There are 2 protein chains.
Amino acid sequence: MISKLISEIKKKNAPVVVGLDPTLKFIPESLLREAYKEKGKTLSAIGDAIFAYNKGIVDAVYDLIPAVKPQIAMYEQFGIPGLIAFQKTVSYCKEKGLIVIGDIKRGDIGSTSEAYAIGHIGSVEIDGNTVFPFDEDIVTVNPYLGSDGVKPFIDVCNKNDRGIFVLVKTSNPSSGEFQDRVIDGRPLYEIVGEKVNEWGLDSMDGDYSNVGAVVGATYPEMGKILRDIMPKAYILVPGYGAQGGKGKDLTHFFNKDGLGAIVNSSRGIIAAYKQEKYASYGEEGYMDASRAAVIDMLDDIRSAIGTK
Amino acid sequence: MISKLISEIKKKNAPVVVGLDPTLKFIPESLLREAYKEKGKTLSAIGDAIFAYNKGIVDAVYDLIPAVKPQIAMYEQFGIPGLIAFQKTVSYCKEKGLIVIGDIKRGDIGSTSEAYAIGHIGSVEIDGNTVFPFDEDIVTVNPYLGSDGVKPFIDVCNKNDRGIFVLVKTSNPSSGEFQDRVIDGRPLYEIVGEKVNEWGLDSMDGDYSNVGAVVGATYPEMGKILRDIMPKAYILVPGYGAQGGKGKDLTHFFNKDGLGAIVNSSRGIIAAYKQEKYASYGEEGYMDASRAAVIDMLDDIRSAIGTK
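In what follows, the accompanying structure is described.

Turning next to the environment of A:Asp155. Structurally, A:Asp155 is set in helix H7 (residues 147–160). Measuring from C-alpha to C-alpha, the distance between A:Asp155 and A:Ala304 comes to 36 Å, with 149 residues separating the pair along the chain.

Put into structure tokens, the structure is as follows:
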């Protein structure tokens with residue numbers, strides 16, 4: 001799977017991913033009204049409005065980017081109808097040729113992690129009938145439970161040519177509370193990074209591994225160290241844009257081959273129309289505002305890594 | 001919420017929770033056949049079979065126990081139809097007067113954790129209409145992202161009188177890989193335990209806090225230390241039975257008042273009919289086998305903690 005992602009990144013000269021993280025306050029009023037008219041003030045109406053909103057953005061930007069990253073929490077928040085919108089989004093994005101990274105941050109004891117892996121990147125055998133439940137291409141995984149919580153995901157990756165990004169150093173302000181604590185002279189995130197490197201060796205796909213890592217754009221110095229610790233891991237970099245990360249902070253996340261990292265922006269793209277810079281598009285022009293924001297983000301990142 | 005759980009534990013003299021973690025190989029063939037006949041070899045059929053299976057167990061044991069703990073991965077594995085079965089299970093168990101602990105192990109950056117909290121233990125406002133999407137009473141939370149990933153759950157607990165159990169020391173074999181690493185002379189799980197204690201002070205409900213902890217039955221010595229570090233935290237103890245924990249290992253998880261812990265068994269109860277001890281009930285008698293297994297578990301635990 002990672003070789004497919006790399007090929008799409010090269011083709012579009014775009015090491016970026018758009019985070020499809022809808023919240024009620026981002027969805028244009030007209031889409032909500034229409035959904036309420038159809039289905040009342042229900043979760044089902046919200047699900048429809050979310051999918052319509054996502055579809056608008058995807059149609060506007062799919063030719064510019066290799067991948068999208070729907071954050072499942074933003075859908076799960078709306079119960080079953082929200083998760084139906086998640087599934088429809090995954091499926092629609094794949095139809096448009098995009099690679100889908102399900103930002104699910106799951107992780108549990110072995111048999112339970114296996115169930116999550118099967119549900120999201122694997123398949124279920126129903127008396128001889130094979131079904132792919134959520135069918136993302138790549139998912140994010142939480143490592144707190146250790147190897148036996150991560151390996152079932154890797155087994156499913158290897159079986160179905162899929163990928164994972166393991167949380168190493170997250171982008172949020174208090175990520176350091178546990179992740180930065182020093183163990184034998186080194187922070188926990190480095191120790192997790194070493195494990196990611198080790199796990200990844202069993203899942204190589206070309207020059208990189210199907211086992212990647214999540215490292216926040218908000219911690220560029222740590223990104224530099226982790227880049228060296230995990231030379232074969234693709235790094236998914238959240239925290240660009242709305243969370244404060246800038247293109248020039250990101251150079252260390254990339255290898256000398258210009259590869260090795262993919263930068264996510266969510267709010268900065270999908271709610272671009274709410275920023276002063278793109279306000280002229282108006283609420284109804286949210287898709288075009290998103291496209292303009294993707295073009296600006298690409299310009300910033302290409303400048304920073306020298307692929308402009 | 002924790003005071004409600006304690007009251008139910010006392011009323012039934014039963015500090016136990018039954019883990020409703022269905023897998024295909026546990027579900028009696030007759031239930032699967034019936035569902036396939038109705039809905040074909042589909043995820044939807046599996047969802048129906050899971051709910052029928054759970055209902056049989058719940059009807060057989062609800063008078064003996066205060067709470068159930070459905071592990072969402074086992075439902076999510078079967079996509080949307082699986083999650084519909086999860087929701088129906090939550091709702092049915094609440095109708096039967098049981099407290100529902102959603103074993104979801106979610107955790108993310110602040111705004112995303114908030115979305116999970118709203119979806120599982122909170123409510124959504126849809127233009128003036130209040131809806132509770134999954135509506136569990138308590139959920140489990142992963143702490144790897146630190147305070148700002150946990151606090152949104154606590155805020156929602158405080159708003160809606162719900163609870164959380166934060167992963168501190170998990171029951172699986174490789175939990176020590178990161179959780180036992182020594183920081184300033186002490187293992188990470190102790191440092192997380194201290195945080196749980198601190199977070200919990202803002203969410204007291206009687207003698208205990210709505211912020212509890214998960215500590216595996218498979219690590220009784222660590223349970224003893226963590227009991228002291230988190231005096232106000234209820235401890236959810238997985239790993240009893242199938243994973244190897246025994247009643248006598250559990251005494252240290254309890255406080256002197258006989259309270260402070262609730263012990264989970266999943267496979268040991270719901271698939272009791274597959275054990276030699278309960279094999280005479282047969283597959284069709286799986287509910288009665290589960291009831292017998294709950295009675296034996298209660299006897300073991302009451303003996304260990306002296307409430308027999």
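So, on to the relation of the copies chain B and chain A. Once turned by 180° and shifted 0.0 Å along the axis, chain B lies on chain A with an RMSD of 0.0 Å. The superposition operator between the copies reduces to a two-fold rotation axis. Among all C-alpha atoms of chain B, that of B:Ile183 lies closest to the rotation axis, at 2.6 Å. Both copies contact each other with a shared surface, as 100% of the interface residues of chain B are interface residues in chain A too.

Moving on: the packing of aromatic side chains. In the structure shown here, the tally under the stated rule is 13 aromatic pairs over all chains. Ring geometry for A:Trp199 and B:Phe178: centres 6.5 Å apart, planes at 80°, overall edge-to-face. Separated into two different chains, A:Trp199 in helix H9 (residues 188–200) and B:Phe178 in helix H8 (residues 176–179) make up a pair that spans both. Each of the two residues, A:Trp199 as well as B:Phe178, counts as buried. For the pair B:Tyr208 and B:Tyr234, a centre-to-centre distance of 5.0 Å together with 70° between the ring planes defines the contact as edge-to-face. Separated by 26 residues along the polypeptide, B:Tyr208 in strand S11 (residues 208–215) and B:Tyr234 in strand S12 (residues 233–237) bring together distant segments of the chain. With relative accessibility at 3%, the residue B:Tyr208 sits in the buried group.

Turning next to the sheet that holds strand S6 (residues 138–141) of chain A. Residue and element names in this part refer to chain A. Around the barrel, which closes on itself, the 8 strands sit in the order S1-S2-S3-S6-S7-S12-S13-S14 with parallel pairing between neighbours. Pairing of strand S1 (residues 16–18) with strand S14 (residues 261–265), which is carried by 3 bridges, proceeds in the parallel orientation. Note that in S14 the partner of Val 17 across the bridge is Asn 264. Relative to strand S7 (residues 163–169), helix H10 (residues 220–229) is tilted by about 130°, and along the sheet it contacts S7, strand S12 (211–215) and strand S13 (235–237).

Time to look at the interface of chain B and chain A. Listed per partner, the contact involves 69 residues of chain B and 69 residues of chain A. Interface of chain B and chain A: buried area, both sides summed, is about 5,800 Å²; carbon and sulfur atoms make up 61% of it. Broken down residue by residue, the surface that chain B buries against chain A is led by B:Ile80, B:Tyr144 and B:Phe178, which jointly contribute 15%. Here chain B and chain A share 10 salt bridges between them. Applying the counting criterion to the chain B and chain A interface returns 33 residue pairs in polar contact (both at pLDDT 80 or more). In terms of residues, the side of chain B that touches chain A owes the most to one element, helix H6 (residues 110–121) of chain B, which gives 7 residues.

To continue, consider the pattern of salt bridges. In the structure shown here, the tally under the stated rule is 46 salt bridges over all chains. A salt bridge links A:Glu194 to A:Arg186, with the nearest nitrogen and oxygen atoms 2.7 Å apart. Residue classification places A:Glu194 among the partly exposed residues on the basis of a relative accessible area of 37%. Take A:Arg186: its relative accessible area is 27%, and that puts it in the partly exposed class. A salt bridge links B:Asp48 to B:Lys39; the nearest nitrogen and oxygen atoms lie 3.0 Å apart. Taking relative accessible area as the criterion, B:Asp48 reaches 27% and is therefore assigned partly exposed. Three or more residues joined by partner-sharing salt bridges are found here, namely A:Glu29, A:Arg33, A:Lys41 and B:Asp127.

The rules behind the values
- Residues numbered from 1 in each chain as written.
- Chains lettered and ligands numbered in written order.
- Predicted model: local features only at pLDDT ≥ 70, side-chain atom pairs only at ≥ 80, totals over all residues.
- Heavy atoms only, no water.
- Helix = DSSP H or I, 4+ residues; strand = E, 2+ residues; numbered from the N terminus.
- Least-squares fit on C-alpha atoms with pLDDT ≥ 70 in both.
- Contact = heavy atoms within 4.5 Å.
- Phe/Tyr/Trp six-rings, centres within 6.5 Å; stacked < 30°, edge-to-face > 60°.
- Buried < 20%, exposed > 50% of the residue type's maximum accessible area, 1.4 Å probe, protein only.
- Pairing = 2+ DSSP bridges.
- Axes fitted to C-alpha atoms, helices over the stretch in contact; angles between N-to-C directions.
- Buried area = accessible area lost by both parts, 1.4 Å probe.
- Salt bridge = Lys/Arg side-chain N within 4 Å of Asp/Glu carboxyl O.
- Polar contact = N/O pair within 3.5 Å; in protein donor to acceptor, adjacent residues only side chain to side chain.

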